[in-house]
Amino acid sequence: DVKVTQSSRYLVKRTGEKVFLECVQDMDHENMFWYRQDPGLGLRLIYFSYDVKMKEKGDIPEGYSVSREKKERFSLILESASTNQTSMYLCATRLLYEQYFGPGTRLTVT
Amino acid sequence: AQKVTQAQTEISVVEKEDVTLDCVYETRDTTYYLFWYKQPPSGELVFLIRRNSFDEQNEISGRYSWNFQKSTSSFNFTITASQVVDSAVYFCALSEVNNAGGTSYGKLTFGQGTILTVHP
């Protein structure tokens, strides 16, 4: 079974704080993804990584950055959190076709 | 650019009713994959099915069935004899194989999701 874990289920941060969301997978998958989920908008891709230290922007990268120093770990960074980044953040990994998702982090920025 | 539309925002049914969730997609690629995911209240997306663009055979898995029609760019999902445990948000998604000559790395484009509530 593929296991994708995310560092927190719920997180509350203040505007302007630097926020780190961590994702760890145990299946040696090369591709990892960060999405945000908002009501009525589905999931939207923020960034993805296809190998260690390799990354590409998704559809909504503004205000975010990522880091992948090790294959199993993919971090999403909010450089200066803003209230419009309040959302559910989902990490996923992929080996061949389908993606496998973590439980999500519900981030609230006040 | 690819796009997935799930026109039904919310559906409410009573247990044992059949329900169909609609999914319409747009893509310029000839090779692509379609997916359905289920998101129960716990939040984690669960993979249900994958279909590639060359395989238009319908699929049945227990109470779940999927109807893929390339002519109408639709990939609809039917739950027969619904149960309360089927209550969840369901997402349809599309993945192109190649993106402008490169590789898409399996990036998924999701529909907006359909909230299904099954009442006892």
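Residue numbers here run from 1 along each chain, matching the order of that chain's written sequence. Chains and ligands are labelled by the order in which they are written, letters from A for the one and numbers from 1 for the other. Reporting in this predicted model follows two pLDDT cut-offs: at least 70 for local features of residues, and 80 or more for side-chain atom pairs to be given and counted; totals over whole chains, interfaces and linings ignore these cut-offs and use all residues. Hydrogens are left out, water is left out, and the side-chain values use all remaining heavy atoms of the structure.

Digging into a nonpolar patch on the surface
What counts here: Patches here are clusters of residues that have more than 30% relative accessible area and form no salt bridge, with a 9 Å joining cutoff for like charges and a 5 Å cutoff for nonpolar side chains (Val, Leu, Ile, Met, Phe, Trp, Tyr). Where accessible areas are quoted, they stem from the Shrake-Rupley method and a 1.4 Å probe; at the residue level, only the protein chains shown are allowed to cover. Salt bridges are identified by distance alone: a Lys or Arg side-chain nitrogen within 4 Å of an Asp or Glu carboxyl oxygen. Helix and strand definitions here come from DSSP, where helices need a minimum of 4 consecutive H or I residues and strands a minimum of 2 consecutive E residues; each element is numbered from the N-terminal end.
On the surface, Leu95, Leu96 and Tyr97 of chain A cluster together to form a nonpolar patch covering roughly 300 Å² of accessible area. Along the chain, Tyr97 of chain A falls in the loop between β9 (87-94) and β10 (99-101).

Observations concerning unusual backbone geometry
All names here are of chain A. Cut-off, in case you're wondering: The classification of residues rests on relative accessible area computed with a 1.4 Å probe and restricted to protein chains. Under 20% of the type maximum is buried, over 50% is exposed, and intermediate values are partly exposed.
Positive phi is not limited to glycine here, since Asp28 has a value of about 60°. Along the chain, Asp28 falls in the loop between β3 (19-25) and β4 (31-38). Residue Asp28 is classed as exposed on the basis of its relative accessible area, which comes to 52%.

Some words on the interface of chain B and chain A
As a reminder of what qualifies: Pairs of residues are marked as contacts when any of their non-hydrogen atoms sit within 4.5 Å. Residues adjacent in sequence count toward polar contacts only when both atoms are side-chain atoms; beyond that, a polar contact is any pair of N or O atoms within 3.5 Å, and within protein one must be able to donate a hydrogen and the other to accept it. Residues are grouped as follows: Ala, Val, Leu, Ile, Met, Phe, Trp, Tyr, Cys and Pro are nonpolar; Asp, Glu, Lys and Arg are charged; all remaining types, including Gly, are polar.
At the interface, 18 residues of chain B touch 21 residues of chain A. Our count for the chain B to chain A interface comes out at one salt bridge. In this structure, Glu98 of chain A engages Arg50 of chain B in a salt bridge whose closest nitrogen and oxygen atoms are separated by 2.9 Å. Viewed at the interface, chain A and chain B are joined by four residue pairs in polar contact (both at pLDDT 80 or more). Contributing elements (two or more residues each) for the side of chain B that touches chain A: β5 (32-39), β6 (46-52) and β11 (108-110) of chain B. Tallied by class, the residues present in the side of chain B that touches chain A amount to nine nonpolar, six polar and three charged.

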